[in-house]
Amino acid sequence: MPPEVSVQNRILPKHGPLKLFVQNPLTAGLILFIVGILLREQLDDSFPDFAVVLISSVATLTSLLLPRSSSSKSISTWSLCALIVFGAGWIHQLKQINTRALLARSVAPDNWQPVHLRGYVESIPQFRPEESPFIERPSDSEQSPPVQWNTTVDISVRQLITNNEPDSELRQSTGLIRVSIPGRNRSFRPGDYVECFLKWRQIQPPTNPGEYDFAKRLRHFGIFAQAYAESGSQIMPLDGNQWWRIDRHLGRFAMAGDRAIERYVSPSQAPLAAALVLGQRGQIEWDLQQSLLETGTIHLLAISGLHVEMVVLSIAIFCFAIRINLRMTLIVISIAVVMYAIICGAKPPVLRATLFVVLVAGAKFFGWSTRSYNILSFVALILLVFRTNYLWDTGTQLSFLAVATLILLAHAIRNDRKAPDPLDEILQSQEAPIQQAARAIGRSMREFISASAWVWLLTTPIVVSSFHVLAPVAILMNLVLLIPLWIGLLSGLGVVLLGTWLPLAGYLFGWLCSLALGFAKIAIETVAIVPILHWWSISPPDWWVICFYVLFIGMLIFWGFEKTARRPIFLCLLGWLVFGLIPWLQIFPQSPIIRMAWGVDTTTNDAEFAMTFINVGHGTSVVIQTPSRQCWLYDAGKMGSPSRAFYPIANVLWYFKQQKIDKLFLSHADADHFNAFEAIEKRFDIEQVVTTQRFLSSTDIAVQPVLKQLDFRRRDVLVVQAGDQVLDDQVKAIVLHPPRQTDGGSDNSVSLSLALEYNGYRFLLPGDLEGEGTRQLLNQPANRVDVLMAPHHGSLAESPEPLLGWCKPKHVVISGGVRAVNRRVIEAFSGNGSRDVWITSRENAIRFEVRSDGHLYALHWADGDWQTLQPDVLMQQANTK
């Protein structure tokens, strides 16, 4: 325990919470408001009326029992209890509004359907590269030509047009839909009244375990459907624009600024500049986003209001330089940050920074005393009243936590400076100016690194839980990138403000912006490729995350936060962090003892053996979990950009608490079977790669990075052929194909075909086997299988009847995209209904379990859990599509 410190010098004295709440009543109100929301979330819809009566009665009784002299306490009790009721009632009301939305019931659940509607544009257009994994367009569309960029806007639906007549029931609806348009379309403005000819459907829930639920998040924002247009001409302007909207005029400015950045900033740095200056974070290419995540610096653009603070500081310095008085400076800052927040899209972290700045500026303008935590709590209350779901938004949590930490450190550092040593003051006064400047710079750097370390430490549990990465290098990277990003922001603002009218200024500021952001990008990408500077991790248990913050608050209360207490607090929290994450970091093995201590079970129910077909669209990835706790992965790829192919696969592995892949099978040299390998290899410890000689000898340009990675990492590579066995304690994996000698042919014809046997059940994974390869397989003795993965994603290029007759499967799984969901495919593999046919793009992730009772169970991922597959219902649905 740190030494005792006098009460007067304590940052948070003993009985700190009571003093904190007395001095910052809005902090207490915020806590109880959150308690009310959490209570309401746990109770059914019949609770609110009863809650109002109960809590009001308790408040009344409490106020009556208080002494008459404690009237202020009585008022405080009433106020705090009212906040609980208000918080609970507010979230209930929001749920009712969302539930009653007529628009949500008008959209097809999972099929893209044509729709004719009218409504208002509600957002400034956002641009995303085609490679983004969040483009809301059909992944296997054959009608839409590939484009480099997509534009997304939110449209408030006012009328649905059916039979050329508006639906009167929806005239007053204000439900939002998110529309994707090919290309980079800057013609839309908030407040435009438009007529649209689109295809839409409901926003899809997660199709694999471990994936983020974007549908739930968007529903909380009132967005009930996703839609796409084949071209911008399908969205036509009408009379009746809302010309009076401020965001309409700022949207025009934002689009002009985006055009200027595209013109004057280097193409390789323009997306980063647009993200930093205009809040167009979607423009950043996916690979750079992953590098930002791996270096722990993604918060600089994606989850913080740092660019708002930079703008405020820049304006303050400019006003000071031209000698504008304080009150006018505060007015200029307030107006500028509000306009800037609207241009940036008013995301929660930006709103937090903007509201905080405006409230502080207003208090300073009127000469009111301010308390930082009171203001921060008030900002949080405003956001929660506006959208209660901000409480569960990771970006909002990290933003507020980082600011609260910085406030605490600022008070502590200011307290440390109050009583400097007189002797040190005398010695420092005799130093040369350059020595004094060096001392001041050194002190500032130490304080910045200290602040960066504290923010990193206190946000790490949430970051690891949400993003699965531990990056202590972020502590130094924040210092390295601060100046380049500031220069990039200021010069980018110069491009936006001056580039439209003064081309010379645009080129000058564009060059400076490109230089600064080029340095930042090189630094980020260089650090990201060094594996030892960051580690990937499974999400730690929720109880461990909660205990981390309970431990911190407890030490803060009883030890305070003075200079002598900060070090033991930091070490204790760091120790808890290490204790919690060592079992899951990629660099450490997962021993059975550690797994048992943490209560981790990678299977569901009492499954002994499990095989999970991940929904990757058109591609293949199968997770195999053996009774000895080994994790095997058969193929790792999907059609599309290699940079995002890993996303569903990694999420499923993390969901199963796997950090290690004991065996990774690569069936053949088609990209949709291996293009996630490099990213998976970075995030998971692969003990052995099992593949064919044909794959290792491939000259395909797409295969070369995989081969180089295998050689660079010196991975254990097992080359197999027909007749070889890959053994586990109880699971037998037999290689059925390819044979030792192959006479050329396509890569598909030499796919690694693997048969797995456990407890009398047999599973066959043939890759993309076709042609001569299929004939060679059928020449082997027939052996009935229980589960067959359809070769070549259910392709009917050749008849599946010979293979089906050879192995007589009970279940056929098609790992394919939306094109696989059609009657011809299902009829061809079902054998007139004699066997079950499951398709990953229809059923989501599909899982087969052999449980301790000896039976085989077929499951699929739906509604956030594993559900039993219902053949009759699903086949009936398929026959109607």
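Residues numbered from 1 in each chain as written. Predicted model: local features only at pLDDT ≥ 70, side-chain atom pairs only at ≥ 80, totals over all residues. Heavy atoms only, no water.

Details of the overall build of the protein chain
Test applied: Counting from the N terminus, the helices are DSSP H or I runs at least four residues long and the strands are E runs at least two residues long. Classification of residues uses two cut-offs on accessible area relative to the type maximum, computed with a 1.4 Å probe and protein chains only: under 20% is buried, over 50% is exposed, and between them is partly exposed. Contact criterion: two residues are considered in contact whenever any of their non-hydrogen atoms come within 4.5 Å of each other. Here the Shrake-Rupley method, with its probe set to 1.4 Å, supplies the accessible areas, and only the displayed protein chains count as covering residues.
From N to C terminus, the protein chain includes 30 helices and 28 strands. Within the span of the protein chain, comprising 881 residues, buried residues form 52% of the whole. Here the contacts in the protein chain between residues at least 6 apart in sequence split such that 72% fall between residues at least 24 apart. Per element, the accessible surface of the protein chain, about 40,600 Å² overall, is 61% carbon and sulfur.

Thoughts on the sheet that holds strand β25 (residues 836-839)
Definition in use: Pairing between two strands requires that DSSP report at least two bridges joining them. With axes taken as lines fitted to C-alpha atoms, and helix axes fitted only over the stretch in contact, angles between N-to-C directions fall between 0 and 180 degrees.
Strand order in the open sheet made by the seven strands is β19-β20-β21-β22-β23-β24-β25, with mixed pairing throughout. The strands lining the two open edges of the sheet, one partner per strand, are β19 (725-727) and β25. Each strand of the sheet is rotated relative to its neighbour by a mean of 20 degrees, with strand direction disregarded. As defined by bridge partners, β19 adjoins strand β20 (residues 732-737) across three bridges and the pair is classed as antiparallel.

What to know about the packing of helix α8 (residues 286-294) against helix α17 (residues 503-528)
Applicable threshold: If an angle is under 35 degrees, it is roughly parallel; if it is over 145, roughly antiparallel; if it lies from 65 to 115, roughly perpendicular; otherwise it is oblique. Throughout, a crossing is termed right-handed when the near helix is turned clockwise from the far one, and left-handed when it is turned anticlockwise from it by less than a right angle. Just so you know the grouping, Ala, Val, Leu, Ile, Met, Phe, Trp, Tyr, Cys and Pro go in nonpolar, Asp, Glu, Lys and Arg go in charged, and all remaining residues, Gly too, go in polar.
Relative orientation of the contacting elements α8 and α17 amounts to 70 degrees, with a least axis distance of 9 Å. With respect to their mutual orientation, α8 and α17 come out roughly perpendicular. In the packing of α8 onto α17, the handedness of the crossing is left-handed. Along the contact surface, α8 presents Leu-288, Ser-291, Leu-292 and Glu-294, while α17 presents Lys-521, Ile-524, Glu-525 and Ala-528. A per-class count over the contact of α8 with α17 returns four nonpolar, one polar and three charged.

Observations concerning empty space enclosed by the protein
What counts is decided by this rule: In this analysis the probe radius is 1.4 Å and the grid spacing 1 Å, with only protein atoms considered; a cavity is a set of points the probe fits into but cannot get out of, a pocket is an open set with protein on both sides within 12 Å along at least five of seven lines, and lining residues have an atom within 4 Å of a point. Grid points are joined across faces, edges and corners, and a volume is the space filled by probe spheres set on the points.
According to the stated counting rule, one finds four cavities of 30 Å³ or more in the structure shown. In this structure, the largest cavity encloses a volume near 130 Å³. The wall of the largest cavity is formed by 13 residues, among which Leu-769, Pro-791, Ser-795, Glu-798 and Ser-799 lie closest to the centre. Tallied by class, residues from the lining of the largest cavity come to seven nonpolar, four polar and two charged.

Overview of a nonpolar patch on the surface
Basically, it comes down to this: Here a patch means residues that are over 30% exposed by relative accessible area and free of salt bridges, tied together within 9 Å if like-charged and within 5 Å if nonpolar (Val, Leu, Ile, Met, Phe, Trp, Tyr). Each salt bridge in this description consists of a side-chain nitrogen of Lys or Arg and a carboxyl oxygen of Asp or Glu lying within 4 Å of one another.
Residues Phe-318, Ile-322, Ile-324, Met-328, Ile-331, Val-332, Ile-335 and Met-339 make up a contiguous nonpolar surface patch of roughly 670 Å² in combined accessible area. Ranked by the residues each element gives to the nonpolar patch, the list is headed by helix α10 (residues 326-343), at five residues. With respect to the helices and strands, the residue Ile-331 is situated in helix α10.

Some remarks on the pairing of strand β5 (residues 176-182)
Burial runs high along β5: six of the seven residues are buried. Here seven bridges tie strand β3 (residues 149-162) to β5, and the two strands are oriented antiparallel to one another. Paired with Ser-156 across the bridge in β5 is Leu-176. Taken together, the five bridges between β5 and strand β7 (residues 223-228) define a ladder with parallel strand orientation. Among the inter-strand pairings, Leu-176 is bridged to a residue of β7, identified as Ile-223.

Focus on the pattern of salt bridges
All chains considered together, the criterion is met by 21 salt bridges. In this structure, Arg-775 and Glu-772 form a salt bridge, with 3.2 Å as the shortest nitrogen-oxygen distance. You can see Arg-775 and its partner Glu-772 sitting in helix α26 (residues 771-778), three residues apart, about one turn around the helix. Among the residues examined, Arg-775 registers a relative accessible area of 48% and is labelled partly exposed. Judged by relative accessible area, which is 43%, Glu-772 ranks as partly exposed. Where salt bridges share partners, they join Arg-184, Arg-186, Asp-258 and Glu-262 into one cluster.

As for unusual backbone geometry
Across the junction of His-737 and Pro-738, the peptide omega takes the value 10 degrees, indicating a cis bond. Looking at where Pro-738 falls in the secondary structure, it is placed in the loop between β20 and β21 (753-758). With a phi close to 70 degrees, Arg-629 is a non-glycine residue in the positive phi region. Not every positive phi belongs to a glycine, and Lys-657 is a case in point at roughly 60 degrees. Tracing the sequence through the fold places Lys-657 in the loop between α21 (646-655) and β14 (660-661). A residue is classified by how much of its surface remains accessible, and Lys-657, at 22% relative accessible area, is partly exposed.

Brief notes about the environment of Met-789
For Met-789, the location among the structural elements is in strand β23 (residues 787-789). Overall, the relative accessible area of 1% leaves Met-789 in the buried class. For the pair Met-789 and His-811, spaced 22 residues apart in sequence, the C-alpha separation works out to 8.5 Å. Among residues more than four places away in sequence, those in contact with Met-789 are Phe-613, Thr-620, Val-622, Tyr-634, Leu-764, Leu-765, Pro-766, Gly-767 and Val-813.

Concerning the sheet that holds strand β17 (residues 688-691)
Reading across from one edge, β18-β17-β15-β13-β12-β11-β26-β27-β28 is the order of the nine strands in this open sheet, with mixed pairing throughout. Edge positions in the open sheet fall to β18 (716-719) and β28 (865-868), since each of these has one partner strand only. With strand direction ignored, the average angle separating the axes of adjacent strands in the sheet is 25 degrees. Here strand β27 (residues 856-862) pairs with β28 via four bridges, running antiparallel. In the sheet register, Leu-859 faces β28, and the bridge partner there is Thr-868. Sheet contacts for α21: β12 (619-625), β13 (631-638), β27 and β28; angle to β13, the most-contacted strand, approximately 160 degrees.

Brief notes about α8
Extensive coverage of α8 is indicated by the burial of seven of its nine residues. Those residues of α8 that sit buried are Trp-286, Leu-288, Gln-290, Ser-291, Leu-292, Leu-293 and Glu-294.

Notes on the side chain of Gln-280
The residue Gln-280 is located in the loop between α7 (270-278) and α8 in this model. Sequence-distant contacts of Gln-280, defined by excluding residues within four places in its chain, comprise Pro-125, Gln-126, Phe-127, Met-255, Pro-271, Ala-274 and Ala-275.

Topic: the pairing of strand β22 (residues 761-765)
Counting buried positions over the five residues of β22 gives five, a clear majority of the element. Where burial is concerned, the two faces of β22 agree: the one with Tyr-761, Phe-763 and Leu-765 and the one with Arg-762 and Leu-764 are both buried. As judged from the two bridges shared by β22 and β23, these two strands associate in the parallel manner. Looking at the pairing, Leu-764 lines up with Leu-788 of β23.

Thoughts on the environment of Leu-856
Relative to the assigned elements, Leu-856 resides in strand β27. Spatially, the C-alpha atoms of Leu-856 and Tyr-761 are 8.0 Å apart, while their sequence positions differ by 95 residues. When near neighbours in sequence (up to four residues on either side) are disregarded, Leu-856 contacts Tyr-761, Phe-763, Asp-786, Val-787, His-811, Phe-848, Glu-849 and Val-850.

What about α21?
Summarising burial for α21: eight of the 10 residues are buried, a large majority. Among the residues of α21, Phe-646, Pro-648, Ile-649, Ala-650, Asn-651, Val-652, Leu-653 and Trp-654 are the ones counted as buried. In this structure, the buried side of α21 is in contact with α8, β10 (535-536), β12, β13, β14 and α23 (677-683). A positive phi of about 60 degrees marks Lys-657, the residue just after α21.

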